[in-house]
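Next come the chains, spelled out residue by residue.
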Amino acid sequence: MAIEHLSFRTGDDASILTVRRAGERRRTRPKRTYVEPSREVPVFAETQVLVVGGGPAGCAAAVAAARAGADVLLLERYGYLGGLSTGGLVIWIDRMTDWDGRQVIAGFARDILDRLPDDAVAGAAKATWGSKDPGLNAYWRQRLGSFRDTVTWSPVIDPEWLKLESLRMALELKVTPVFHAWFSTPIVSGSAVQGVVFESKEGRHAIYADVVIDATGDGDVFARAQAAFESDIDEKSMHHSVNVAWMWAGVDMNRWIAFRVEHPEEFNALMERGRQALGEVDRPYVSWRNDVALFLGPRLTGYSAINVEDLTAVEVESRRWMVDLLRFYRSCMPGFSDAWILESAPQIGVRHSRRLSGVQPILRSEWQAGVVYPDEVGVSPSLSPTFPSVSVPYGSLVPVSVDGLLAPGRHMASDASSHTFLREIPQCWLTGQAAGAAAALAARAGVVPRAVDIAALQAELLRQGAYLQVPVAAAR
């Protein structure tokens, strides 16, 4: 199988991307088909709000809906909550503060992190958020807490504690989790989603719901419900890459950082030696502990996150690469002589597959111009101090035509450029919380999600601790 390597950087600390030719990997599939016999599917449950997917958006949605008084069932294919922020080892929770240090992604994001033990979170102290101090930024730049010479709230966390506290929070609010249950197909009547069918060790079951929240990350529910979606992104872009992350223990990250900062010529020589030996070299990220290093793995582009053969190839290639890299780091890199494999992610790291065609997609031209939407349900930090914070409209979660469904998370409606930051963990928490609150209000009022009273939704989000730019009077 021929493989083409195309390596290029996207920034000083960005890992090297590796591009593969997808067509050279895939088997030719038979033309035969199989006709499934018709059958009656037993109903597993009926609920007001059904959340499909227990990742960041799904957790936030379930908690918000329950806080708003709804009966909530959460369907998750793995045996834990948190998705990419736990099982995907995306333990760097990116920026939640604006350029003045204000935490604009709050609500669920603040609540869940506040539940973690002090030794399960590593990040800049609140008093330093927004600081432009050169010394502080030099320190936090090496520890994922500084961006564009500004100290940010972007901690790294222990994924096991995030799993545990996500579950505890849901159970305290009487959310019903259903683990090891894989979404199969939506139940659709006319243009409205009324529930889903899922697969488990028990076979196929149906769940009926007043409102379904698609928090699968790949838009599996809305795509199979025939809702329109987009997928226009550069396949060679880091933002379209797929990876498997891993963690090594037995390391000394402070020693490694000191070597990199104090001996840049030696460091660069070692990196070049690695590239000569391996073709490319990933750099480690700090974790919540000095003796644990995080690697997000080779960013493999040209793979589809919704093609089973591509997903398999990424798993195989990533773990092969992990072992080769471990040998190099052990033999060459200060702080890594005793490194050992702590964990490889059980969940593949996907950045992009589908994006909803929504009522009001988030567009770069609009947030650059400082547009604040009247149906704002959250605020995201912008990419640069040049731009104001980004207003997130409720319409970005609502399909253009399909009813009974909301779609928060990385597959929300946006253009490809805006998706590059809207897919991050905090933004998924933000949109998940908005979708959960809206679903609860829709179920209570007996209306479709697009008909939810926006003022009531904004008031509920404020009650739950979210941050909004719209005037408070407009949200009452």
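That block above? That's the structure.
Please read these numbers as outputs of a predicted model, since none were measured by experiment.

Visitor: How should I be thinking about the overall build of the protein chain in this particular structure?
Guide: A count of helical and extended segments in the protein chain gives 12 helices and 23 strands. Of all 476 residues assigned to the protein chain, the portion counted as buried reaches 58%. Long-range pairs, those at least 24 residues apart, make up 72% of the contacts in the protein chain between residues at least 6 apart in sequence. Total accessible area on the protein chain is roughly 19800 Å²; 51% of this is exposed by carbon and sulfur atoms. Looking at the protein chain, you have 49 positive and 55 negative side-chain charges, and the mean spots of the two groups are 3 Å apart.

Visitor: Got a minute to help me understand helix H7 (residues 264-278) in this structure?
Guide: Since the α-helix turns once every 3.6 residues, residues separated by three or four places project in the same direction. Given a rise of 1.5 Å per residue, 15 residues ought to cover 21 Å, and the 21 Å separating the end C-alpha atoms of H7 matches this to within 8%. Three or more residues of H7 are buried, namely Phe267, Leu270, Met271 and Gly274. For H7, the buried positions fall inside an angular range of 100 degrees around the axis, keeping them on one side. With respect to the buried face of H7, the exposed residues turned more than 90 degrees away are Glu265, Arg273 and Gln276. Of the surrounding elements, those touching the buried residues of H7 are helix H6 (253-262) and helix H8 (308-332). Backbone geometry just downstream of H7 places Gly279 in the positive-phi region, at approximately 95 degrees.

Visitor: In this structure, what is going on with the environment of Gly79? I would like to understand it.
Guide: Inspection of the secondary structure assignment puts Gly79 in the loop between strand E3 (72-75) and helix H2 (108-114). When the C-alpha atoms of Gly79 and Lys163 are compared, they prove to be 9.8 Å apart, with 84 residues separating the residues in sequence. Look past the residues within four positions of Gly79 in its chain and what remains in contact with it is Phe179 and His180.

Visitor: Where do I start with the side chain of Ser353 in this structure?
Guide: For Ser353, the position within the fold is in the loop between strand E19 (349-350) and strand E20 (355-356). Polar side-chain contacts of Ser353 include one of 2.5 Å to the side chain of Asp218. Residues in contact with Ser353, not counting those within four places in the same chain, are Gly217, Asp218, Glu230, Ser231, Ala305 and Ile306.

Visitor: Would you explain the packing of H6 against H7 in this entry?
Guide: Relative orientation and spacing of two packed helices are given, respectively, by the angle between their axes and the distance between those axes. Packing of H6 against H7 brings their axes to within 5 Å, and their N-to-C directions diverge by 105 degrees. Here H6 lies roughly perpendicular to H7, going by the angle between them. Across the interface between the two elements, Trp256, Phe259, Arg260, Val261 and Glu262 of H6 pack against Pro264, Glu266, Phe267 and Leu270 of H7. Residue composition of the contact of H6 with H7, by class: 6 nonpolar, no polar and 3 charged.

Visitor: Explain the packing of aromatic side chains here, please?
Guide: For any pair of aromatic rings, the description rests on two quantities: the centre-to-centre distance and the angle between the ring planes. Following the criterion strictly, the structure yields 22 aromatic pairs and no others. Ring geometry for Trp248 versus Tyr329: centroids 5.7 Å apart, planes at 70 degrees, classification edge-to-face. Of this pair, Trp248 sits in strand E14 (residues 246-249) while Tyr329 sits in helix H8, placing them 81 residues apart in sequence. Residue Trp248 is classed as buried on the basis of its relative accessible area, which comes to 0%. By relative accessible area, which is 0% here, Tyr329 ends up buried. Residues Phe295 and Phe336 carry aromatic rings whose centres are separated by 6.4 Å and whose planes lie at 70 degrees to one another, so their mutual orientation is edge-to-face. Remark: Phe336 occurs in the loop between H8 and strand E18 (340-344) and Phe295 occurs in strand E16 (residues 292-295); sequence separation between them is 41 residues. For Phe295, a relative accessible area of 0% translates into the label buried. Here the aromatic cluster, defined as three or more aromatic residues joined through ring pairs, consists of Trp246, Trp248, Trp256, Phe259, Phe267, Phe295, Phe328, Tyr329 and Phe336. The residue whose ring lies beneath Lys163 is Tyr80, and the NZ or CZ to ring-centre distance is 4.4 Å. Across from the ring centre of Phe229, 5.5 Å away, lies the NZ or CZ of Arg354, which sits over that ring.

Visitor: How should the pairing of strand E11 (residues 203-214) be read in this particular structure?
Guide: On a regular strand, each side chain points to the face opposite its neighbour's, so the side chains alternate between the two faces of the sheet. Counting buried residues along E11, 9 of its 12 residues qualify, which places the element largely inside the surrounding structure. As paired strands, strand E2 (residues 43-52) and E11 are joined by 8 bridges and run parallel to one another. Following the sheet pairing, Glu46 is matched in E11 by Tyr208. Examined bridge by bridge, strand E10 (residues 192-200) and E11 share 6 bridges and lie antiparallel to one another. Considered in E11, the bridge of Phe198 is made with His205. The turn joining E10 and E11, which pair antiparallel and follow one another in sequence, is formed by 2 residues. Strand direction decides the pairing type here: E11 and strand E23 (residues 405-406), joined by 2 bridges, are parallel.

What counts and what doesn't
- Residues numbered from 1 in each chain as written.
- Predicted model: local features only at pLDDT ≥ 70, side-chain atom pairs only at ≥ 80, totals over all residues.
- Heavy atoms only, no water.
- Helix = DSSP H or I, 4+ residues; strand = E, 2+ residues; numbered from the N terminus.
- Buried < 20%, exposed > 50% of the residue type's maximum accessible area, 1.4 Å probe, protein only.
- Contact = heavy atoms within 4.5 Å.
- Areas by Shrake-Rupley, 256 points an atom, 1.4 Å probe, with all protein chains shown as cover.
- Lys, Arg positive; Asp, Glu negative; His and termini not counted.
- Charge placed at Lys NZ, Arg CZ, Asp CG, Glu CD.
- Expected span 1.5 Å × (residues − 1).
- Arc of directions from axis to C-beta.
- Polar contact = N/O pair within 3.5 Å; in protein donor to acceptor, adjacent residues only side chain to side chain.
- Axes fitted to C-alpha atoms, helices over the stretch in contact; angles between N-to-C directions.
- Parallel < 35°, antiparallel > 145°, perpendicular 65-115°, else oblique.
- Nonpolar A, V, L, I, M, F, W, Y, C, P; charged D, E, K, R; others polar.
- Phe/Tyr/Trp six-rings, centres within 6.5 Å; stacked < 30°, edge-to-face > 60°.
- Lys NZ or Arg CZ within 6 Å of the ring centre and 35° of its normal.
- Pairing = 2+ DSSP bridges.

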